[in-house]
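# Chain and residue survey
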Amino acid sequence: MFLPDLLKGKKILITGGGTGLGKSMGKRLVELGAELVICGRRQAVLEETAWELMAAAPGPVSWQVCDIRDPAAVEAMVEKIWAEGPLDALVNNAAGNFIARSETLSPRAVDAVLGIVLHGSAYCTLACGKRWLAEGRKANVLSIVTTYAWTGSPYVVPSAMAKAGVLAMTRSLAVEWGPHGVRLNAIAPGPFPTPGAWERLVPRPELAKEFETRNPLGRAGEHDELANLAAFLLSDRSGFITGEVVTIDGGDWIKGAGQFSFLDRLSTADWEAMRPKKS
Ligand code: HXC
Ligand code: NAP
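Note that this is a predicted model, so its numbers are computed, not measured. (Residues numbered from 1 in each chain as written. Chains lettered and ligands numbered in written order. Predicted model: local features only at pLDDT ≥ 70, side-chain atom pairs only at ≥ 80, totals over all residues. Heavy atoms only, no water.)

Before going further, it helps to examine the overall build of the protein chain. Each helix and strand counted, the protein chain has eleven helices and seven strands in total. Over its C-alpha atoms the protein chain spans a radius of gyration of 20 Å, differing by no more than 12% from the 19 Å that the globule rule assigns to 279 residues. Principal-axis analysis of the C-alpha atoms gives the protein chain an extent of 80 × 45 × 40 Å. Relative to its full complement of 279 residues, the protein chain shows a buried share of 44%. Residue pairs in contact within the protein chain that sit at least 24 positions apart in sequence constitute 75% of those at least 6 positions apart. Accessible area of the protein chain: about 14400 Å², with a carbon and sulfur share of 57%. Computing the positive centroid from 30 side-chain charges and the negative centroid from 30, the protein chain places the two 3 Å apart. (Helix = DSSP H or I, 4+ residues; strand = E, 2+ residues; numbered from the N terminus. Rg over C-alpha atoms; globule rule 2.2 N^0.38 Å. Buried < 20%, exposed > 50% of the residue type's maximum accessible area, 1.4 Å probe, protein only. Contact = heavy atoms within 4.5 Å. Areas by Shrake-Rupley, 256 points an atom, 1.4 Å probe, with all protein chains shown as cover. Lys, Arg positive; Asp, Glu negative; His and termini not counted. Charge placed at Lys NZ, Arg CZ, Asp CG, Glu CD.)

As a further point, take the packing of aromatic side chains. Evaluation of the coordinates by the stated rule reveals four aromatic pairs. Plain terms: the ring middles of W82 and W132 are 6.3 Å apart, the flat faces sit at 55 degrees to each other, and that makes the pair tilted. Of the two residues, W82 is situated in helix α3 (residues 71-83) and W132 in helix α4 (residues 107-135); the sequence distance between them amounts to 50 residues. Here W82 and W132 have matching classes, each one buried. The residue whose ring lies beneath R131 is W82, and the NZ or CZ to ring-centre distance is 5.7 Å. (Phe/Tyr/Trp six-rings, centres within 6.5 Å; stacked < 30°, edge-to-face > 60°. Lys NZ or Arg CZ within 6 Å of the ring centre and 35° of its normal.)

Quick reminder: α-helices carry 3.6 residues per turn. Residues three or four places apart thus point the same way. Here α4 is 29 residues long and its end C-alpha atoms lie 40 Å apart, about the 42 Å a rise of 1.5 Å per residue gives. For α4, the principal kink sits at G115 and spans about 40 degrees. A positive phi of about 65 degrees marks G136, the residue just after α4. (Expected span 1.5 Å × (residues − 1). Bend = angle between axes of the 7 residues up to and from the residue.)

Reading across the sheet, the seven strands line up as β3-β2-β1-β4-β5-β6-β7 and stay open at both edges, with parallel pairing between neighbours. The outermost strands of the open sheet, each flanked by one partner alone, are β3 (61-65) and β7 (245-248). In this sheet, neighbouring strand axes are inclined to one another by 20 degrees on average, regardless of whether the strands run parallel or antiparallel. Bridge analysis of strand β1 (residues 11-15) against strand β2 (residues 35-40) gives five bridges, and the strand direction is parallel. Each residue of the ladder has a partner; that of L13, found in β2, is V37. Against the sheet, helix α1 (residues 20-31) makes contact with β1, β2, β3, β4 (89-92) and β5 (139-144), and its axis sits at roughly 170 degrees relative to β1, the strand it touches most. (Pairing = 2+ DSSP bridges. Axes fitted to C-alpha atoms, helices over the stretch in contact; angles between N-to-C directions.)

This part takes up the site of ligand 1. Taken together, 18 residues form the shell around ligand 1, and within it R41, R69, S106, R108 and R200 come nearest. Contact distances for ligand 1 include 2.6 Å between an oxygen atom and a side-chain N or O atom of R108. For ligand 1, whose free accessible area comes to 1100 Å², the fraction covered by protein is 63%. At the level of secondary structure, the elements contributing two or more residues to the shell around ligand 1 comprise α4 and α7 (195-201). (Near = heavy atom within 4 Å. Polar contact = N/O pair within 3.5 Å; in protein donor to acceptor, adjacent residues only side chain to side chain.)

Every one of the 27 residues lining ligand 2 counts as a neighbour, but T19, R41, R42, N93 and T194 are closest to it. A distance of 3.4 Å is found between a nitrogen atom of ligand 2 and a backbone nitrogen or oxygen belonging to C66. The backbone of F192 places a nitrogen or oxygen atom 2.8 Å from an oxygen atom of ligand 2. Within the residue set of the shell around ligand 2, elements represented by two or more residues are α1 and α7. Ranked by the residues each element gives to the shell around ligand 2, the list is headed by α7, at three residues. Here the residues of the shell around ligand 2 are counted per class, giving 13 nonpolar, nine polar and five charged. (Nonpolar A, V, L, I, M, F, W, Y, C, P; charged D, E, K, R; others polar.)

Right, let's get into the nonpolar core. Judged by nonpolar contacts, the single largest core of 36 residues is most densely connected at L13, I68, L87 and W132. Those elements that place two or more of their residues in this core are β2, α3, α4, β5, α6 (157-177) and β6 (182-189). For this core, the element with the most residues is α4, which contributes eight residues. Among residues more than four places away in sequence, those in contact with L13 are V37, I38, C39, M77, I81, L87, A89, L90 and V91. (Core = buried A, V, L, I, M, F, W, Y, C linked by side-chain atoms within 4.5 Å.)

Spatial relationships are all this shows, so hold off on functional conclusions.
As structure tokens, then:
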């Protein structure tokens, strides 16, 4: 699909790159020639992923243990990365989430999600952005949100608030930093099974099945599909796209919004029976 050197010469940081979609995106970016840095809170996970990715593709992969909720830790990580050479792109992928009835949420539970998704993404973006602007470097930020960033969603309210904020940051900074050559875009995935998300969001098999198959295409997303979209948005081939959010959800959210989507349960016989009879 892409030239094998699409991302050659680009150094990219993926937050939460040790697991799930971050790891899958990382694999694809390295295959396409990028130099990769991944971060997360668990050293063993990062180390294992880095070795796995380096065994599969030729590019260098390094890791930084960093809790992105802590602005000083983010600044120290970014400073360390820059000491070895500047980043060209940041992928805000790290997240925290769980389902809960909102009236049961404690302040700490709200903060746990907002701290990772909203504050962490902002700290990483600002730490990189101020360096890019000072250096006059063309650069790229890609944030992984989801479709409830604009629809909202019950039972994941802190996450919906945080993703909406990340999308607002994406659009705002696309305008503010565009003149400096910094692009910011977002991807809004539908269901892409990962252990991290599935154990917290759809912990029972029947819930998982419904979540994965209720979209018009009737299946879950494949990690490669999202990774290829990320590669395109991080490449210079998408150079005129900024402030955009690309949905990759098999039509899930638009089906939820359509007032007559519920008619998909009708059979051919139902449709025939309802059709006005010719007199
Ligand atoms: C209610 C909960 C809870 C739950 C935690 N809390 N889980 N409350 N229901 N299921 C509360 C705790 O009781 C505590 O409040 C507070 O949240 C903080 O919990 P900790 O365990 O101390 O937090 P921490 O160790 O910081 O962990 C953060 C976390 C955890 C978000 C709670 O799940 C985590 O580390 N997640 C990272 C990975 C992840 O979430 N991946 C899924 C991303 S999927 P009290 O008051 O009791 O002390 C995703 C998909 C989006 O984002 C879109 C899908 C379509
Ligand atoms: P995941 O595997 O649980 O990934 C979350 C990652 O974030 C983990 O590697 C975790 O590593 C890291 N992380 C969490 N808190 C952190 C912190 N404070 N500091 C640094 N890193 C932290 O889940 P996923 O499904 O791949 O999700 C990846 C992204 O896709 C998220 O933004 C999510 O909202 C989005 N998304 C996923 C889906 C889906 O269907 N899977 C759908 C829509 C959107 P540590 O725990 O080691 O820190």
